[in-house]
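Listed below are the residues making up each chain.
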Amino acid sequence: MSHVIPYGAAIQEAIREEMERDEHVLYFGQNMATSPDDPFLRAFGPERVRVTPISETAEIGMATGAAMAGYRPVVELYMAEFTLVAADQVVNEGPRFHFMSKGAVSVPTVMVAGYGFTCGWAGQATGSLYGMFMGVPGLKVVMPSTPADAKGLMTTAIRDDNPVLYFRHQLLLLTEGEVPDGEHAVPFGVADVKREGSDLTIVATGLTVHTALAAAETLARRGVSVEVIDPRTIAPFDVDTILASVARTGHLVVVDQATRHASVAAVVVAEVAELGFDSLRAPISMVTALDSTIAYSQPVEDYVLPDEHKVLTAVEKTLGLAPVPA
Amino acid sequence: MSHVIPYGAAIQEAIREEMERDEHVLYFGQNMATSPDDPFLRAFGPERVRVTPISETAEIGMATGAAMAGYRPVVELYMAEFTLVAADQVVNEGPRFHFMSKGAVSVPTVMVAGYGFTCGWAGQATGSLYGMFMGVPGLKVVMPSTPADAKGLMTTAIRDDNPVLYFRHQLLLLTEGEVPDGEHAVPFGVADVKREGSDLTIVATGLTVHTALAAAETLARRGVSVEVIDPRTIAPFDVDTILASVARTGHLVVVDQATRHASVAAVVVAEVAELGFDSLRAPISMVTALDSTIAYSQPVEDYVLPDEHKVLTAVEKTLGLAPVPA
Amino acid sequence: MVVGNAMNGGTAEALGPERLVWIYTQMFRIREFEERVKSTFTDHPGIIRGHTHLADGAEASIVGCIAALAPGDQILTSYRCHGYPIALGTDTKLMMAEIYGKANGLCGGLGGSMHLYDPPRGLLGGSGIVAQHLPHAAGAAWVAQIRHRGEAIVCFFGDGASKQGAFHESLNIASLWKLPVVYVMENNNYNSRTRTDQEDANAAAGEPLSTKAKAYAMEGITVDGGDPVVVYATMTEALARARAGEGPTLVESLVYRLSAHGNLIAPPGVPLRYPDHEAIAIFGNRAEYEAALRGDPVPRFRHRLVIDGTLRDVDADSIEAAARAEIDEAQRFALDSPWPEPDSGLRYVYA
Amino acid sequence: MVVGNAMNGGTAEALGPERLVWIYTQMFRIREFEERVKSTFTDHPGIIRGHTHLADGAEASIVGCIAALAPGDQILTSYRCHGYPIALGTDTKLMMAEIYGKANGLCGGLGGSMHLYDPPRGLLGGSGIVAQHLPHAAGAAWVAQIRHRGEAIVCFFGDGASKQGAFHESLNIASLWKLPVVYVMENNNYNSRTRTDQEDANAAAGEPLSTKAKAYAMEGITVDGGDPVVVYATMTEALARARAGEGPTLVESLVYRLSAHGNLIAPPGVPLRYPDHEAIAIFGNRAEYEAALRGDPVPRFRHRLVIDGTLRDVDADSIEAAARAEIDEAQRFALDSPWPEPDSGLRYVYA
Ligand SMILES: Cc1ncc(C[n+]2csc(CCOP(=O)(O)OP(=O)(O)O)c2C)c(N)n1
Ligand SMILES: Cc1ncc(C[n+]2csc(CCOP(=O)(O)OP(=O)(O)O)c2C)c(N)n1
Ligand SMILES: [Mg+2]
Ligand SMILES: [Mg+2]
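Residues numbered from 1 in each chain as written. Chains lettered and ligands numbered in written order. Predicted model: local features only at pLDDT ≥ 70, side-chain atom pairs only at ≥ 80, totals over all residues. Heavy atoms only, no water.

**A closer look at the overall build of chain C**
Link 1 in the chain: A tally of helices and strands in chain C yields 12 helices and 8 strands.
Link 2 in the chain: Taken over C-alpha atoms, the radius of gyration comes to 20 Å for chain C, in line with the 20 Å a tight globule of 351 residues would show.
Link 3 in the chain: Taking all 351 residues of chain C together, the buried fraction comes to 66%.
Link 4 in the chain: A separation of at least 24 residues holds for 75% of the contacts in chain C among residues at least 6 apart in sequence.
Link 5 in the chain: As displayed, chain C offers around 11,300 Å² of accessible surface, 52% of which is attributable to carbon and sulfur atoms.
Link 6 in the chain: Between the centroid of the 31 positive side chains of chain C and the centroid of its 42 negative side chains there is a distance of 2 Å. (Helix = DSSP H or I, 4+ residues; strand = E, 2+ residues; numbered from the N terminus. Rg over C-alpha atoms; globule rule 2.2 N^0.38 Å. Buried < 20%, exposed > 50% of the residue type's maximum accessible area, 1.4 Å probe, protein only. Contact = heavy atoms within 4.5 Å. Areas by Shrake-Rupley, 256 points an atom, 1.4 Å probe, with all protein chains shown as cover. Lys, Arg positive; Asp, Glu negative; His and termini not counted. Charge placed at Lys NZ, Arg CZ, Asp CG, Glu CD.)

**Overview of the domain arrangement of chain A**
Residue and element names in this part refer to chain A.
Link 1 in the chain: Taken as a whole, chain A is organised into domain 1 (2-180) and domain 2 (192-319).
Link 2 in the chain: Between domain 1 and domain 2, the C-alpha centre-to-centre distance is 26 Å.
Link 3 in the chain: Interface of domain 1 and domain 2: buried area, both sides summed, is about 2,000 Å²; carbon and sulfur atoms make up 61% of it.
Link 4 in the chain: Contact with domain 2 buries area across many residues of domain 1, yet Y130, M134 and M143 alone supply 29% of it, more than any other trio. (Domains from an automatic or database assignment. Buried area = accessible area lost by both parts, 1.4 Å probe.)

**Points about the relation of the copies chain A and chain B**
Link 1 in the chain: Of the transformation superimposing chain A on chain B, the axial component is 0.0 Å and the angular component is 180°, with the fit at an RMSD of 0.0 Å. Seen this way, the second copy is the image of the first under a two-fold rotation axis.
Link 2 in the chain: Both copies present the same face, since 100% of the interface residues in chain A are matched by interface residues at the equivalent positions in chain B. (Least-squares fit on C-alpha atoms with pLDDT ≥ 70 in both.)

**Comments concerning the interface of chain A and chain B**
Link 1 in the chain: Listed by partner, the interface residues are 48 residues for chain A and 48 residues for chain B.
Link 2 in the chain: Around 4,200 Å² of area is buried between chain A and chain B when both sides are counted, 60% of it from carbon and sulfur atoms.
Link 3 in the chain: Interface area lost by chain A to chain B is led by H261, E274 and F277 of chain A, which between them contribute 17%.
Link 4 in the chain: Here chain A is connected to chain B by 4 salt bridges.
Link 5 in the chain: In this structure, E274 of chain B engages R260 of chain A in a salt bridge whose closest nitrogen and oxygen atoms are separated by 3.5 Å.
Link 6 in the chain: Viewed at the interface, chain B and chain A are joined by 22 residue pairs in polar contact (both at pLDDT 80 or more).
Link 7 in the chain: Counting residues per element, the ones that place at least two in the side of chain A that touches chain B are α4 (87-100), α5 (130-134), α9 (264-275) and β14 (285-289) of chain A. (Salt bridge = Lys/Arg side-chain N within 4 Å of Asp/Glu carboxyl O. Polar contact = N/O pair within 3.5 Å; in protein donor to acceptor, adjacent residues only side chain to side chain.)

**Overview of the site of ligand 1**
Link 1 in the chain: Lining the immediate surroundings of ligand 1 are 20 residues, of which E56 of chain A together with Y79, R80, G160 and N188 of chain C lie closest.
Link 2 in the chain: Flanking ligand 1 are residues from chains A and C.
Link 3 in the chain: In the environment of ligand 1, a nitrogen atom lies 3.0 Å from a nitrogen or oxygen atom belonging to the backbone of V130 of chain C.
Link 4 in the chain: The separation between an oxygen atom of ligand 1 and a polar side-chain atom of H261 of chain C is 3.5 Å. (Near = heavy atom within 4 Å.)

This is how it looks when you write it as structure tokens:
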């Protein structure tokens, strides 16, 4: 049994259910729960649900401290860029403490950060920064692409005993999809094959999973069978599912909304070039954002971002297909 | 003509010469120039040389503001981790302004950050974070491995009209080397072939350049000819020199002090897997730090870091050589 | 700590009728511009993307500050940045075209509403990330200090920004180094959907936010930001102190924004528009909002100039008509301007 | 704002001789431990890697604070963290082994001198990055607040840390939410090689650093951190206020560190050791340092207890002898302990 809800609501559903299940779950952040009508405030009261000042360092740091003291805070950070004013707290505090204390403390926090709001949010708030955090030891990083994964990964994130950075794609917020009824937890480190195929593997994350699926659909009409894999969590990262797919298809295209040298794409390619090299029958191709700050104006914004056309071109090149004029 | 000085002194030499050449160059940071005997203070006075509080956000932000107002500040940040409390200023302010203003302002700053102090500095101050900054549009990132490059890249950094993040390897500070006399500027985006070879290419950065050179020397005694390439700047990044080398050697090993998924290594591998795939005669191999916070205690610290032995093993695997017992 | 009207009379005389009328003119131009930005959401849906933040309600404070500047002074702003360049003389056509994302915009459509730059007129830029331009202002002030031309920097930001670490770090250094900078906090009593007393310990204790200056051994002052003459007088003094090497000032200027924090924000496809002010939409406090409307500084200042004989009603009317015509023209220009070339940004990634 | 000796007498009586002797004992144990850490650089070169930061000079402040804690209270610290766990009862053998990087160390050699953890005794940890543990303390205090067990948090940091954004953001929220936390700033007048008046606007203006509390509508107080009884009294009051929901306190405790900021730091191969204190090495001010030595809180407190009859000289001597024996034993344990297995860390990357 399932129900259809938007991606944004699915995240809220998981937080609400976990707060009902475990009184140690706290939920706080800027510009939330400021009115007594707020549904979380009504359900869980002002001890567990709080609005904060514009103080990301304190917010994330307090999540860390509350976690060390035995609670499970979820801190809403709104836009991923706002983590940058507090990057030390994201990278160099919570994720280190379990290690440095030889397990004496653990830091079960969830940091929720929206990203990729490429609809005129301009240079400082449209970024795709997840790549910066992917390789931080001790930190888990989550990037759901569907409402079901959005809920299931949030459930798992709250239950996980480590700091989790939860990247919510802002352009997917209103996208609806089926979400299983009842408790729904998606395991970390298990990539999801969003579409099966045999000729070529596309690995994509977040919004670009949908770009990849659209391209796969177009290519299916041309008789090309594309497999689309969504890693879902980029730390831990499921290399095996990708390697197994490439072992069958021999071809890999990686799509990423980040710029090439800040991308998850580069890491995926590197893993396959080392561990799956012998499966490859053609160069791997990366479809990423161009090396540019994102412009405000739509034509310039569009120009630098990956889109279906760019994915199709990469697939054609990888498979040696003749391009089909649009 | 040249002179022999340590890496740390070479950096200071460049800053001093640029300050003499251009009165717009400012130099400031924590715990410097606190006594009237400070040589920079004596040479350039308290208007241009200042000590700051422990306020990295203000320090880097002030560099940005001073640059927008027409000066060329060099801000000493001591340890790269300390940039994390101010990562927004490193990533999301200065590097965006030239773009967002369509060229109306530019931001010629140099942010000097030490890194890799793997000698018991423990979990929060031994990191190799450069990978986080490599893909930031508008930001240039520099990682010298020798005194000559340390000086030459600092000269170029100060003269560059963009924000430059200058990564100084803390374990190289006292390492001596020849530095050309007189003005010495090393261009950005030009990799340096530190040793020529024909059987295999190693790309390495910072301290690991020396690890790679040691491995190359050992391998030379075994009749294996290894080329060692140091990109020197990771943004802009000179892919062509690497591709040309791999076109000759057909084999690539990439060495990096960072953890695998936070590494420059992954980006190098990705570029070659896409652009140099047809040259490759074996899988690419990455020698990076293991996925762990760096421990305080030496045996644990050593265990996770790349070393000559690990590089040799990777080269042997890549070339299909029989391992030589140590 | 609120500066009363006492000094106000004298300052108004010192300013003289021409400057007073200039102030009113700029206030009205800003208001007209902002209302046109707002109505664009309904009159030309889809033209404005992303997020805009309006200065309506803060005109008196903005123009009072800009009026106190001297040539060579520079300012830095937050994302709520339309008002200042208008008062500095930036062409409203270029501004509107920027907000519409057009090639002829002030920044060629690369910046947008939150990122306006006009260095020749003293607008150095700012930041869309809360409080991050406060250190930029200190850096620019360091340059002003060592250039010895008597120039000063003014940095504008919101009440909410004073809870960000960058505020703290910047004000300490600015005061310690006696930098020629004035920090102007436009306290509109809201950070987006949060009331100041929900997020600020001073506010919760009933203290003015200028109290924070004490943590920096800095002058702190709270003024009625609805009165441009009071603001001008305060800024003139603060700037004089700054130029004289006597250190920076934290000016808390009490304003009320008359629109919501910004337009609604949503993924493409959902129509964007301005919702009700948060006093109404979040807190159900229509009375607060209506009181603010009654105190609207734009008609309040017109009324005062008319009453004291500085401005005749008919002259006020023609100032307003001229502003309307100017903004009509700006809007037409912006609507008619072409879109930027898709690859036009790539030339500006690196200097 | 300095609390005088007036309340001191009463508090000393209230504490009673046993607690007073306990305080002296802990002070001496800390001193002995720190001196042993320091002498390790010359007696066992190469054993200590990286960076150590000693608490010598701050013992009175540290023990005065710890003495005021109740069961269930927790503390967070900076990298200068050897003193607190000693007073909390952490085994000095495990601590020395940690600083020597040994497998039997408190954190198995994974943490080191800057990262000590002992949650069962209330030491939640801290941060080597300046001021970043101040929000952790607020977070732990939030948990204490909603657990309703009357527990409180004490957060220790340096004067230099008060110039970091994290300080500002944390104190505002702590005060706004009336969190049960006491922020203890150990003002030793130096951030490494920088004097406080070179980096702090309040200090440069001759004001106490506790003035900063005003920016948070918080209680701020400056005390003589050389007198454990004054510190104890202040902390007892501050903790009572915190537990009662009356909000946090910023306690500025004036101390003088008797060693340099830390040992010399250099790449491997260069011998590490403690240089002269910065007063001498950087500022050539031997007089300042010698005055501090004359005011050394450890002999000062012994003298006082002896003078007022609380402690006999011979008992003081045997306390000191016991501490020396304890630290001898700790050092022997640490020297004899094995190194950690090279892969021992990998199990602790993720919980
Ligand atoms: C570091 C950071 N956190 C959060 C935001 C989101 N944000 C944008 S504007 C704003 C409100 C700022 O309030 P205030 O400083 O009072 O300025 P006002 O908008 O009222 O003029 C917030 C929270 C941001 N831009 N940057
Ligand atoms: C964010 C950050 N910047 C710089 C440093 C380097 N650093 C370590 S200790 C220290 C001095 C701190 O001084 P203070 O807070 O007064 O504490 P004290 O050492 O005097 O006890 C500095 C600058 C750091 N660890 N973190
Ligand atoms: Mg506001
Ligand atoms: Mg100090």
